[in-house]
Amino acid sequence: MSTPEAKKTPSVESKEAGAPSSKTGTTPVFRIDEILTKAGRGLFEKISDTGKSLAHDLYEGAYKSPGINRLVGKMEIAYNQFRGDKYEKKAAKFKNKLDGVDVKINAFQQAKENLLGVIKDLKEQNIPAATALELKIKDIEKQLNKLANKRDKIQTKFEEKEDRRNLRINKRDQIANRLIEYYENKLEPFEKKLEELRKEQDHIDLLMMATEVKHKNREANLAKLQNKLDLTIENYKRIGMSERKIKKDPVVKAINEQIFNARKEMQLENQKLQLTKDKLDAKIAKVDAKANPYRDRREEFVRVTKLRPIEFNVPGREKGKPHEGKEEIKTHERKETEVEKTEVRPEAEEETEVIIEEEIEKLPLAAYLATINDYLLKKHDKTYVINAKDFYSQTRLTRYDKMEVADFRKILLQYAKFRRIPAEKVNIYDKAVHKLFEKK
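All figures in this text were calculated on a predicted structure; none of them were measured in a lab.

A. Quick look at unusual backbone geometry. With a phi angle near 60°, Arg396 is a residue other than glycine that sits in the positive phi range. In this structure, Arg396 sits in the loop between helix H9 (388-395) and strand E2 (402-403). A positive phi angle, near 55°, is found at Arg420, a position not held by glycine. Residue position: Arg420 is located in the loop between helix H10 (405-418) and helix H11 (423-436).

B. Up close: the nonpolar core. Judged by nonpolar contacts, the single largest core of 29 residues is most densely connected at Ile386 and Phe408. Contributing elements (two or more residues each) for this core: helix H5 (130-238), helix H8 (365-379), H9, H10 and H11. Among the elements that take part in this core, H8 stands out by supplying seven residues, more than any other. For Ile386, the contacting residues outside a window of four places in its chain are Leu369, Ile372, Asn373, Leu376, Phe391, Leu412, Tyr415 and Tyr429. Residues Ala91, Phe94, Leu98 and Ile105 belong to the second largest nonpolar core, which totals 17 residues.

C. A look at the confidence of the model for the protein chain. A residue-level look at the protein chain finds 75% of positions with pLDDT of 70 or above and a mean pLDDT of 81. In this model, residues 327-334 is a region of pLDDT below 50 whose contacts with residues beyond four sequence positions or in other chains number three contacts. Segment residues 337-360: pLDDT under 50, and 13 contacts once partners within four positions in sequence are set aside and those in other chains are kept.

D. Representation of the packing of aromatic side chains within the structure. Here the structure, examined in full by the defined rule, presents nine aromatic pairs. Where Phe158 meets Phe312, the ring centres are 5.2 Å apart and the plane angle is 85°; that geometry is what we call edge-to-face. Pair noted here: Phe158 is in helix H5 and Phe312 is in the loop between helix H7 (250-306) and strand E1 (363-364), with a separation of 154 residues, a long-range link. Residue Phe158 is classed as buried on the basis of its relative accessible area of 1%.

E. A look at the packing of H5 against H10. Viewed as axis vectors pointing N to C, H5 and H10 meet at an angle of 160°, and their least axial separation amounts to 9 Å. Relative to H10, the element H5 lies roughly antiparallel. Note that H5 runs across H10; the crossing there is left-handed. Residues Lys199, Asp202, His203, Asp205, Leu206, Met209, Ala210, Glu212, Val213 and Lys216 of H5 form the contact with H10, whose own contacting residues are Asp407, Lys410, Ile411, Gln414, Tyr415, Lys417 and Phe418. Class assignment for the residues of the contact of H5 with H10 results in seven nonpolar, two polar and eight charged.

F. View of the pattern of salt bridges. Per the counting criterion, the structure on display carries 29 salt bridges. For Arg164, the salt bridge identified is with Glu160, shortest N-O distance 3.3 Å. Of this pair, Arg164 and Glu160 are both found in helix H5, four residues apart, which corresponds to roughly one turn of the helix. In this structure Glu160 comes out as partly exposed when scored by relative accessible area, which is 36%. Residues participating in the shared-partner salt-bridge network are Glu195, Asp202, Lys417 and Arg420.

G. Representation of H10 within the structure. In this model H10 runs 20 Å from its N-terminal to its C-terminal C-alpha over 14 residues, within 8% of the 20 Å that 1.5 Å per residue would give. Those residues of H10 that fall on the buried side of the exposure criterion are Val405, Asp407, Phe408, Ile411, Leu412, Gln414, Tyr415, Ala416 and Phe418. Just downstream of H10, Arg420 is the residue with a positive phi angle, here 55°.

Conventions and cut-offs
Residues numbered from 1 in each chain as written. Predicted model: local features only at pLDDT ≥ 70, side-chain atom pairs only at ≥ 80, totals over all residues. Heavy atoms only, no water. Helix = DSSP H or I, 4+ residues; strand = E, 2+ residues; numbered from the N terminus. Core = buried A, V, L, I, M, F, W, Y, C linked by side-chain atoms within 4.5 Å. Buried < 20%, exposed > 50% of the residue type's maximum accessible area, 1.4 Å probe, protein only. Contact = heavy atoms within 4.5 Å. pLDDT = per-residue confidence, 0-100. Phe/Tyr/Trp six-rings, centres within 6.5 Å; stacked < 30°, edge-to-face > 60°. Axes fitted to C-alpha atoms, helices over the stretch in contact; angles between N-to-C directions. Parallel < 35°, antiparallel > 145°, perpendicular 65-115°, else oblique. Left-handed = near helix turned anticlockwise from the far one by under 90°. Nonpolar A, V, L, I, M, F, W, Y, C, P; charged D, E, K, R; others polar. Salt bridge = Lys/Arg side-chain N within 4 Å of Asp/Glu carboxyl O. Expected span 1.5 Å × (residues − 1).

Put into structure tokens, the structure is as follows:
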């Protein structure tokens, strides 16, 4: 954390800013005398140098202590906000006075312009009354000069209050940002741990999707085996075998046992994955709960910096130049504004390409990956190609596992999420699946 260069006698600006100052060497970074009231500063100045140094040390130590630093920071923020609000209210009063003077100036300017128009008409008609009106315009200009002088004095006071307010707001933001940084450092280990856990969670989700596809294929095979069993039992009944004998038949018992064991195995596999996912969810919830208080405190100070001062939008003043030469009244002509021409460009048509036209029910995983990788290599470059070996390893699928397009798309997108592949590439993968495999 950088600190401003110390000065023995702080200027008015630095006092208003409340910026921490320090001397080179052992003097603390934080200056307790800078947050004291005027009366408090007077008492503080009477303390010996040793006492001042001790007070500074205690203040700095308190600021670095967990919990206390937040309390001290909130006090400093509240103090600077309070002072800033006071200056803003005063600036608002001067802004109202400026607006009142501007109304008068505009009224005189309008009257002057109207009289100039009348003078022009009278001169064109050679009517002598124009001279009297020119004297009247001179009186108006004197009034305008008085109002301009009054306005300058008001705006000077307004700008002083606005600057003092801004110095206080800057100091408030400086303290808030320091505390935001403090809580971000506290949050960092939690956020790293959460990212690791989320990655594990994404991998479990990927495995669950891949396992679902494997189980679909296995269920299809079991359904065929069940049909064969039903046909066998039906034939046994036709030849007069009783229900009791059919149940004890070795073939029937073997097939039933095979179907039962296969479904039990799939059930256990799903339960194991779900248990792992539940444990990860519990860990994430636990770490997240520990991180939340630091997030809340960080957001508390972020909201402080979002409370911005009022924009008064008072235009800056220009340095006036003394008039040279003869006095004359000029009319202020306005230039015509040129209309910008905009050119309407036709939207570029998207290039469409159909790679596979025939309807596809199910394809082996190797076919999907080979087709999409060939397309990505043609349209982009090798950095976009999906690592098939890693894909098989992380999903625990084989190249021969068949699946529908919807399942492949779901698994591919989850794999990309787990591997933290950039959103731009993921979007290209998604469009490629739609273009190459989905029915038109």
